[in-house]
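Close look at the chain arrangement
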Amino acid sequence: MELEIKRVKTPKKLPDDSNLGFGAIFTDHMLNMDYTPASGWHNARIEPYGPIVMDPATMVLHYGQSIFEGLKAYRTSSGKIQLFRPERNMARLNRSAQLVCIPEVDETFALDALRKLVALEKDWVPRTPETSLYVRPTIVAMDPFLGVRPSHTYRFFIILSPVGAYYPEGFNPVKIWVTDKYVRAVRGGLGEAKTAANYSASLLGAEVAKKAGYTQVLWLDALEHRCIEEVGTMNIFFMIGGEIVTPALGGSILPGITRDSVITLAKHWKVPVVERVITIDEVMEAYKNGSLQEVFGSGTAAVISPVSHLACGDEVIVVGDGGIGLMAHRLYEAITDIQYGRVEDPFGWVVPIEEE
Ligand SMILES: *Cc1c(COP(=O)(O)O)cnc(C)c1O
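Throughout what follows, the structure given in this document is the object of discussion.

Cut-offs used in this document
Along each chain, residues carry numbers from 1 onward, in the same order as the chain's sequence is written. Per-residue local features of the predicted model are confined to residues with pLDDT of at least 70, and side-chain atom pairs are confined, for both listing and counting, to 80 or more; whole-chain, interface and lining totals are unaffected and use all residues. Where side-chain values are given, they derive from all heavy atoms of the structure, hydrogens and water being excluded. Consider each residue's heavy atoms; a residue with any of them within 4 Å of a molecule or strand counts as near. N or O atoms within 3.5 Å of each other form a polar contact, as long as, within protein, one can give a hydrogen and the other can take it, and as long as residues adjacent in sequence are counted only when both atoms are side-chain atoms. To measure how exposed things are, a 1.4 Å probe is used in the Shrake-Rupley method; for residues, cover is taken only from the protein chains shown. The aromatic pairing rule takes the rings of Phe, Tyr and Trp, using the six-membered ring of Trp, and pairs them if the centres are within 6.5 Å, calling planes under 30 degrees apart stacked, those over 60 edge-to-face and the rest tilted. Placement of a positive charge over a ring is assigned whenever Lys NZ or Arg CZ falls within 6 Å of the ring centre and within 35 degrees of the normal to the ring plane. The rule for a salt bridge is simple: a side-chain nitrogen of Lys or Arg has to be within 4 Å of a carboxyl oxygen of Asp or Glu. Only DSSP runs of H or I covering at least 4 residues are called helices, and only runs of E covering at least 2 are called strands; the numbering of each starts at the N terminus. Each residue is assigned to one of three classes by its accessible area relative to the maximum for its type, calculated with a 1.4 Å probe on protein chains only: buried under 20%, partly exposed between the two thresholds, exposed over 50%. The angle between two axes is taken between their N-to-C directions and runs from 0 to 180 degrees, where each axis is a line fitted to C-alpha atoms and a helix contributes only its stretch in contact. Orientation labels follow simple angle bins: below 35 degrees gives roughly parallel, above 145 gives roughly antiparallel, 65 to 115 gives roughly perpendicular, and whatever is left gives oblique. Should any heavy atoms of two residues lie within 4.5 Å, those residues are considered in contact. Polar here means any residue other than Ala, Val, Leu, Ile, Met, Phe, Trp, Tyr, Cys and Pro, which are nonpolar, and Asp, Glu, Lys and Arg, which are charged; Gly is therefore polar. In these notes, a set of buried Ala, Val, Leu, Ile, Met, Phe, Trp, Tyr and Cys residues joined through side-chain atoms within 4.5 Å is what counts as a nonpolar core. A strand pair is defined by DSSP finding two or more bridges across the two strands. Whether a crossover is right-handed depends on one test, that the path from the first strand over the helix to the second runs clockwise when the strands point away from the viewer. In this scheme the crossing of two helices becomes right-handed for a clockwise turn of the near helix relative to the far one and left-handed for an anticlockwise turn of less than a right angle.

**Overview of the site of the ligand**
Near the ligand, the surroundings consist of 14 residues, among which Lys 194, Tyr 199, Glu 230, Thr 258 and Thr 300 are the closest. Here Glu 230 contributes a side-chain N or O atom positioned 2.6 Å from a nitrogen atom of the ligand. Between the ligand and the protein, one listed contact pairs an oxygen atom with a backbone N or O atom of Ile 257 at 2.8 Å. Within the complex, the protein chains bury 96% of what would otherwise be the 380 Å² of accessible surface of the ligand.

**A word on the packing of aromatic side chains**
Going through the model one piece at a time under the given rule, you end up with 10 aromatic pairs. Through pairs of rings, three or more aromatic residues link up here, namely Tyr 35, Trp 41, Tyr 154 and Phe 156. A cation sits over an aromatic face here: Arg 149 above Phe 145, 4.0 Å from the ring centre. One Lys or Arg, Arg 330, reaches over the ring of Trp 269 and ends 3.8 Å from the middle of that ring.

**Focus on the pattern of salt bridges**
For the structure on display, the rule yields 18 salt bridges. With its nearest N and O atoms 2.9 Å apart, the salt bridge here joins Lys 116 to Asp 112. Here Asp 112 and Lys 116 lie together in helix α3 (residues 107-120), a separation of four residues that amounts to about one turn. A relative accessible area of 37% means that Lys 116 is categorised as partly exposed. The exposure class assigned to Asp 112 is partly exposed, which follows from its relative accessible area of 35%. Salt-bridge contacts for Glu 275 lead to Arg 259; the nearest nitrogen and oxygen are separated by 2.9 Å. Here the residue Glu 275 occupies a position in strand β14 (residues 273-276), and Arg 259 occupies one in helix α5 (residues 257-268), the gap between them amounting to 16 residues.

**Some details on the packing of α5 against helix α7 (residues 326-339)**
Contact geometry for α5 and α7: axes closest at 11 Å, N-to-C directions at 110°. Here α7 runs roughly perpendicular to α5, going by the angle between their axes. Residue-level contacts link Thr 258, Ser 261, Val 262 and Leu 265 of α5 to Leu 331, Ala 334 and Ile 335 of α7. Partitioned by chemical class, the residues of the contact of α5 with α7 number five nonpolar, two polar and no charged.

**Regarding unusual backbone geometry**
Phi is positive for Cys 101, which is not a glycine, with a value near 60°. By the secondary structure assignment, Cys 101 is in the loop between α2 (86-99) and α3. Residue Cys 101 is classed as partly exposed on the basis of its relative accessible area of 49%.

**A short note on the nonpolar core**
Formed by 49 residues in total, the largest nonpolar core has its most connected members in Leu 218, Ile 228, Phe 238, Leu 292 and Ile 304. With seven residues, α7 is the single largest residue contributor to this core. Once residues within four sequence positions are removed from consideration, Ile 228 is found in contact with Leu 218, Trp 219, Leu 220, Ile 236, Phe 238, Pro 247, Ile 278, Thr 279, Ile 280 and Val 283. In terms of nonpolar packing, the next biggest core, distinct from the first, is built from 46 residues, Tyr 35, Ala 73, Ile 102 and Ile 139 among them.

**Focus: the environment of Val 105**
As for its placement among the helices and strands, Val 105 is situated in the loop between α2 and α3. C-alpha of Val 105 to C-alpha of Gly 40: the two residues are 65 residues apart in sequence and 9.2 Å apart in space. When sequence neighbours within four positions are dropped, the list of residues in contact with Val 105 reads Met 33, Trp 41, Leu 93, Asn 94, Ala 110, Ile 139 and Phe 156.

**Some details on the pairing of strand β10 (residues 216-220)**
Counting buried residues along β10, five of its five residues qualify, which places the element largely inside the surrounding structure. Side-chain alternation along β10 places Gln 216, Leu 218 and Leu 220 on one buried face and Val 217 and Trp 219 on a second face that is also buried. When strand β9 (residues 174-179) meets β10, the two strands line up parallel, connected through four bridges. Directly across from Ile 176, in β10, lies its bridge partner Gln 216. A crossover links β9 with its parallel partner β10, the connecting element being helix α4 (residues 196-211), and its sense is right-handed. With three bridges connecting them, β10 and strand β11 (residues 228-231) associate as antiparallel partners. Bridge assignment links Trp 219 to a residue of β11, and that residue is Glu 230.

**Section: the packing of α2 against α3**
Taken N-terminus to C-terminus, the directions of α2 and α3 make an angle of 130°; their axes are 10 Å apart at the nearest point. Relative to α3, the element α2 lies oblique. Helix-helix and strand crossings are classified by hand; for α2 and α3 the assignment is right-handed. Contacts from Pro 86, Glu 87, Met 90, Ala 91 and Asn 94 of α2 reach α3 at Glu 107, Ala 110, Leu 111 and Leu 114. Considering only residue class, the contact of α2 with α3 consists of six nonpolar, one polar and two charged.

Structure follows, in structure tokens:
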């Protein structure tokens, strides 16, 4: 497939690196591609960033048939731009597509188009340390039709947003609220897809947690409210008695790419790491017997998010000394060092952007 490029006439003024925030500023161009049953995915083009005009009956607006990805482009100290494991994002996009009956994209083509888009927008990749260009590939159902069935037509798009440091005041721990009332996903449902419904399902629990003074919700399994699943939009890890434990992927948990990077690094360092069922009771017990050393989340936005407090029912526990654990710190440094090209990448995770 060809990739047509239509450039903007007047580029926007580049934002100030020191005040980017997250997800509110968008670059000059976007990628668009359409799907029809007759032509498959076709008409891939990079064009000026702008609205998608939709009929009010457009299916995505009613039935939520929509999937997305999130990854980042990083600028190294020598000025080069690179992506982190982007082929994983394209593979996961297709896995999400299968789960909500969206036709799959050609991963190689989509990744190539993404690299061309980032290359075109290279000046938008910020330079201040710990900033990056967030990349959001998305697919939405486009049939103007009322009635529950998979859409026949779709739009794939990629938009780019320069984002600031996740920890502007430095690497900081968060407080987590364990909910046994609200659930995010259930096995056999959509938990392992990055699809709109999961984020709607998480809003109320997150609001309740915020009102109680907590940053994120720790989700438990939907049936018994015992097994730990994930936290907010991050995967979760516990360091207990020298071993790293993370919930196994059972269909209701999002298979995070950062999660996989954490597991790979721990194994590389010969730190014991296991994926298994872990209950909230086990974590509380480990706290009581003194073996709970660290708790941290993992995700593209924060990389590693150390957890200082866990509120579970009437109990609030302070993990370690309430600061940043050694393992969380080591993982954060190791992953960001690779992402920003400060060290050699021994895993083949980094994909350079060729500049024009
Ligand atoms: C995106 C996401 C994650 C983290 O995935 P990464 O690939 O590490 O960014 C974890 N949980 C949920 C629910 C997510 O949406």
